[in-house]
Structure formats: C-alpha cells, structure tokens
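# Structural overview
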Amino acid sequence: SACLSGPRAGRMAVCSKFVVCQPTLILMNRLKFILVLTAAVCGVTSLTAQEKKKKEVLSPKATVQADIDGNEVKVVYSRPAMRNPKGGETRKVWGKLVPYGKVWRTGANAATLLTTQKPIVIGGYELAAGTYSLFTQPEADGSAKLIINKKTGQWGIPYKDDEEKANELARVDLKKAQTDGTVDPFTMAVAKTGAGAGVITMAWENTQYSVAFANKK
C-alpha cells in the first residue's frame, strides 16, 4: 500500500485509496499546525483588545466645546459613572464618591483641561489664552469652587495642596442647581449664552454646577 513510481505506476494507482502519501501527510500536518497557531494568536489578540476596551469605557474621555463669537472654548475630561465597576452597585456621588471639603479632579483619570483661544473673564477672573487644569471643591453647605491651575498633564489625584498652591491661578465660585432628573455618567458642557458670553456646566447624579464666562473686551 505504499506510494509507487516508475513503470509500475502505470498499471496501478500511485497511492492506495485508503493510504495517504507521506509527503501529503506532512503537508497536511503543517497546515493544521499553522491554522491552530493562527487561531490561538487571534484569540489572545481579541481577548487583549476586549480587556483594554473594557478598562477604557469605565471612564471614557470626552471633549465639549463652543464657539463664542470667534473664540473656541474647549473642555477635555473623563466621564465616571455612578455604578461601581467592581461590585455593580449604584454609588452616591456628592458627599461620598466626591467628598465635601476636598479637591476633586472634575471627572476621572487625568485632570480635566480647559482651553481658550482668546482671553476670557471667568467667574470674575481674567484668564489669558491657553490651556489649564480644572479642579473642583464642593462643600456640604452647597457652595463650591472651581480651581484654575496653570499646570497641565498631572494625574487628577491626589491633589497636593502644598505643591499645587503655586500653580493655582484662581478659585472662582460655582453656582449650584438641581437637575431635572438623574444625570449619569458625569457630564460637562460648554454653551454660548449671549454675545461674547458662555457658560461651563458640570452635572452628575441630581446636581449641576456652573460658571459663567465672557470674552475679554
């Protein structure tokens, strides 16, 4: 039942009907190995991509912006959710997840960034054109401060007051209001409110904070 060649090959089949030639068998085994290896690599790659995507969507990055009469004002931030990614339970935000009396990174991950192409007056403070970090400090009595920091690129927490004091440009008042319904995940917005004027808002759970600004004349 072996493979035949030469003069006898003309009188009978090159290979038996039930026997695979040795070279063909080797080729098939190699193809099987390649297919199995390819499937394994694809599986690992797919799993890694899924895990990476899962981590990224916990607090996805977002960008909001508005054109205020020729001045583009933009905020780049991350959006944490009320749902605990570990246990799945819904967390209380203000006073718990975001403690009162402590500086918060205004979102998640890296510090939130504010960019203005032209000088503005925000909360009574004259801010030059550029990019800045935004932090927030809410209080139990309902008041809150927006901290404008000239340093950028830092991780949002912990906020080291002694180190960051020299980088702080201003702490301006935020206006607090109740939202119409539950807001989740954390949401920020930049909107035009009038000629050369706008507002930056941040809302989460049932609370919204805002600060007005205007192009510097």
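The structure this text deals with has already been given above.
Owing to the predicted nature of the structure, the values given are computational and were not obtained by experimental measurement. (Residues numbered from 1 in each chain as written. Predicted model: local features only at pLDDT ≥ 70, side-chain atom pairs only at ≥ 80, totals over all residues. Heavy atoms only, no water.)

### Thoughts on the sheet that holds strand β1 (residues 61–68)
We apply this condition: For two strands to be treated as a pair, DSSP must find at least two bridges joining them. Here a helix means four or more residues in a row that DSSP labels H or I, a strand means two or more in a row labelled E, and each is numbered from the N terminus. Every axis in this analysis is a line fitted to C-alpha atoms, fitted for helices over the stretch in contact. Angles between the N-to-C directions lie between 0 and 180 degrees.
With antiparallel pairing, the six strands of this open sheet are ordered in space as β1-β2-β3-β6-β7-β8. Each end of this open sheet is capped by a strand with a single partner; those strands are β1 and β8 (168–173). On average, each strand axis in the sheet is inclined to that of its neighbour by 25°, with strand direction left out of account. As paired elements, strand β7 (residues 144–149) and β8 share five bridges and run antiparallel to each other. If you follow Ile147 over to β8, its bridge partner there is Arg171.

### Comments concerning the pairing of β1
Under the convention used in this document: Here's how the labels work: a residue is buried when its accessible area is under 20% of the maximum for its type, exposed when over 50%, partly exposed in between, all with a 1.4 Å probe on protein chains only.
Residues Ala62, Val64, Ala66 and Ile68 point to one face of β1 and are all buried, whereas Lys61, Thr63, Gln65 and Asp67, pointing to the other face, are not buried. In terms of strand pairing, β1 meets strand β2 (residues 71–78) through eight bridges, oriented antiparallel. Directly across from Ala62, in β2, lies its bridge partner Tyr77. Hairpin connection from β1 to β2: two residues lie between these consecutive antiparallel strands, with Asp69 at a positive phi of about 50°.

### Regarding the packing of aromatic side chains
How we decide: Two rings from Phe, Tyr or Trp (for Trp, the six-membered ring) form a pair when their centres are within 6.5 Å of each other. A pair whose planes differ by under 30 degrees is stacked, one over 60 is edge-to-face, and the rest are tilted.
Counted by the stated rule, this structure contains seven aromatic pairs. Between the aromatic rings of Trp94 and Tyr209, the centroid separation amounts to 5.3 Å while the plane-to-plane angle is 75°, which identifies the pairing as edge-to-face. Of this pair, Trp94 sits in the loop between β2 and β3 (112–116) while Tyr209 sits in strand β10 (residues 197–215); the two residues are 115 residues apart in sequence, bridging distant segments of the chain. The class of Trp94 is buried, set by a relative accessible area of 3%. Overall, Tyr209 belongs to the buried group, its relative accessible area being 1%.

### Some remarks on the pattern of salt bridges
What counts is decided by this rule: By salt bridge we mean one thing: a side-chain nitrogen of Lys or Arg within 4 Å of a carboxyl oxygen of Asp or Glu.
Taken as a whole, this structure holds five salt bridges when the rule is applied. For Glu126, the salt bridge goes to Lys216, with nearest N and O atoms at 3.1 Å. Here Lys216 lies in the segment after β10 and Glu126 lies in strand β5 (residues 125–127), a separation of 90 residues in the sequence. The class of Glu126 is partly exposed, set by a relative accessible area of 48%. Among the ionic pairs, Arg171 bridges to Glu168, the shortest N-O distance being 3.0 Å. Overall, Arg171 belongs to the partly exposed group, its relative accessible area being 33%. Each member of the salt-bridge network shares a partner with another, and the members are Asp161, Glu168 and Arg171.

The quantities given are spatial measurements derived from coordinates; they are silent on function.
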